[in-house]
Amino acid sequence: MSRSLTLVLLLLLIPPSSPRAAALWRRGNRVSSINACQQTEAADGGLTVRCSGLRLTQIPAGLSNHTTRLFLNNNRLSSLPAFCFSDLFLLDELDLSHNQLSSLEPGCFSGLAPSLRYLDLSSNRLTALDPAVLGGLQVQANLSQNPWHCNCSMQISVPQLDMDKSSLEKVVCHTSDLPNLGAVGLSLVSLMQDWDLCQSVRRTTDFLTLITMFLWFIMLIFYLIYYIRHNEVFARRHLEYLRFLESRDPFRPR
């Protein structure tokens with residue numbers, strides 16, 4: 001009896017080899033994942049769904065369209081397919097932090113713009129801000145702890161994003177097209193204030209450089225004034241000396 005039970009459990013746990021059976025097995029695995037999530041209903045009927053730390057590799061199926069808060073943090077998600085949250089039209093908060101996200105397909109947040117207010121994408125593997133993914137989301141986002149690559153396309157993308165400006169201040173350059181000019185470790189917003197990343201040139205002159213140029217200019221003016229006055233005194237004395245010599249000339253007609 002125990003041996004038969006062991007065989008049944010092995011058949012359930014080991015993925016089958018045929019494509020159809022494998023698809024059914026994955027579907028069953030997704031359903032069991034949502035069943036493992038903790039669901040709490042608020043007084044207004046909204047659901048808080050916590051699927052944290054379940055080692056999920058994909059968004060669980062069967063999420064209720066009454067979900068207002070969804071926590072998918074501390075899993076193994078590496079990508080988000082298009083329209084994966086499109087049925088969650090009441091979703092207000094989405095936590096995707098501490099995953100392995102490196103690819104967000106355009107339209108993965110489709111349908112969330114009217115309701116979503118907070119989005120956590122921190123501690124993932126994102127390198128670029130794509131308006132096709134994040135455009136239209138008027139959210140407060142946590143974008144910290146990602147290996148952002150600051151380049152021309154990032155500079156072009158920022159004005160097309162509608163998210164809270166304070167969210168973009170957490171985009172810190174991990175790599176950059178300007179690595180030798182101190183861009184690494186700076187926030188993208190502050191970097192764009194000083195540099196045009198599409199032309200690799202400075203937008204503004206450094207304040208210290210302006211002060212130095214101003215001081216050199218003042219010193220030059222004072223030197224010119226001193227030089228002119230000194231020459232005037234020297235020229236006057238030289239003229240007086242010539243007049244004195246002329247007055248002592250014995251061959252000078254009287």
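These numbers were taken from a predicted model, which means no experiment stands behind them.

Draft legend 1. Spatial organisation of the packing of aromatic side chains. Tallying each qualifying case throughout the model produces 1 aromatic pair. Here the guanidinium or amino end of arginine 50 rests over the ring plane of phenylalanine 71, the centre of that ring lying 4.3 Å away.

Draft legend 2. How the structure looks around the pattern of salt bridges. Inspection of the entire model under this criterion finds 1 salt bridge. Here glutamate 93 ties to arginine 69 by a salt bridge, and the two come within 3.0 Å at their closest N and O atoms. Placement of glutamate 93 in strand E5 (residues 93-95) and of arginine 69 in strand E3 (residues 67-71) is noted, with a sequence separation of 24 residues between them. Overall, arginine 69 belongs to the partly exposed group, its relative accessible area being 30%.

Draft legend 3. Highlighting the sheet that holds strand E8 (residues 140-142). The sheet built from 6 strands is open, its strands ordered E1-E2-E3-E5-E7-E8 with mixed pairing. At either margin of the open sheet sits one strand with a lone partner, and together these are strand E1 (38-41) and E8. Direction aside, the axes of adjacent strands within the sheet are offset by 10° on average. Across 3 bridges, the pairing between E5 and strand E7 (residues 118-120) is parallel. Among the inter-strand pairings, glutamate 93 is bridged to a residue of E7, identified as tyrosine 118.

Draft legend 4. View of the state of the cysteines. Summed over all chains, the structure comprises 3 disulfides. Two residues share a disulfide in this structure: cysteine 150 and cysteine 173, whose sulfurs sit 2.0 Å from each other. Its torsion about the S-S bond being -95°, the disulfide of cysteine 150 and cysteine 173 is classed as left-handed. With a gap of 23 residues between them, cysteine 150 in strand E9 (residues 148-150) and cysteine 173 in strand E10 (residues 173-176) connect regions that are remote in the sequence.

Draft legend 5. Fine view of the confidence of the model for the protein. Averaged over the protein, the pLDDT score is 80; the fraction of residues at 70 or greater is 76%. When the criterion is pLDDT under 50, residues 1-32 qualifies, and its contacts beyond four places in sequence or with other chains add up to 11 contacts.

Draft legend 6. Highlighting unusual backbone geometry. A positive phi is found at asparagine 74, a non-glycine position, where the angle reads about 60°. As for its placement among the helices and strands, asparagine 74 is situated in the loop between E3 and strand E4 (79-80). A relative accessible area of 42% places asparagine 74 in the partly exposed class. A positive phi angle is found at serine 123, which is not glycine, with a value near 55°. Positionally, serine 123 belongs in the loop between E7 and helix H3 (131-134). Look at serine 123 and you get partly exposed, because its relative accessible area is 21%.

The rules behind each value
Residues numbered from 1 in each chain as written. Predicted model: local features only at pLDDT ≥ 70, side-chain atom pairs only at ≥ 80, totals over all residues. Heavy atoms only, no water. Phe/Tyr/Trp six-rings, centres within 6.5 Å; stacked < 30°, edge-to-face > 60°. Lys NZ or Arg CZ within 6 Å of the ring centre and 35° of its normal. Salt bridge = Lys/Arg side-chain N within 4 Å of Asp/Glu carboxyl O. Helix = DSSP H or I, 4+ residues; strand = E, 2+ residues; numbered from the N terminus. Buried < 20%, exposed > 50% of the residue type's maximum accessible area, 1.4 Å probe, protein only. Pairing = 2+ DSSP bridges. Axes fitted to C-alpha atoms, helices over the stretch in contact; angles between N-to-C directions. Disulfide = S-S within 2.5 Å. pLDDT = per-residue confidence, 0-100. Contact = heavy atoms within 4.5 Å.

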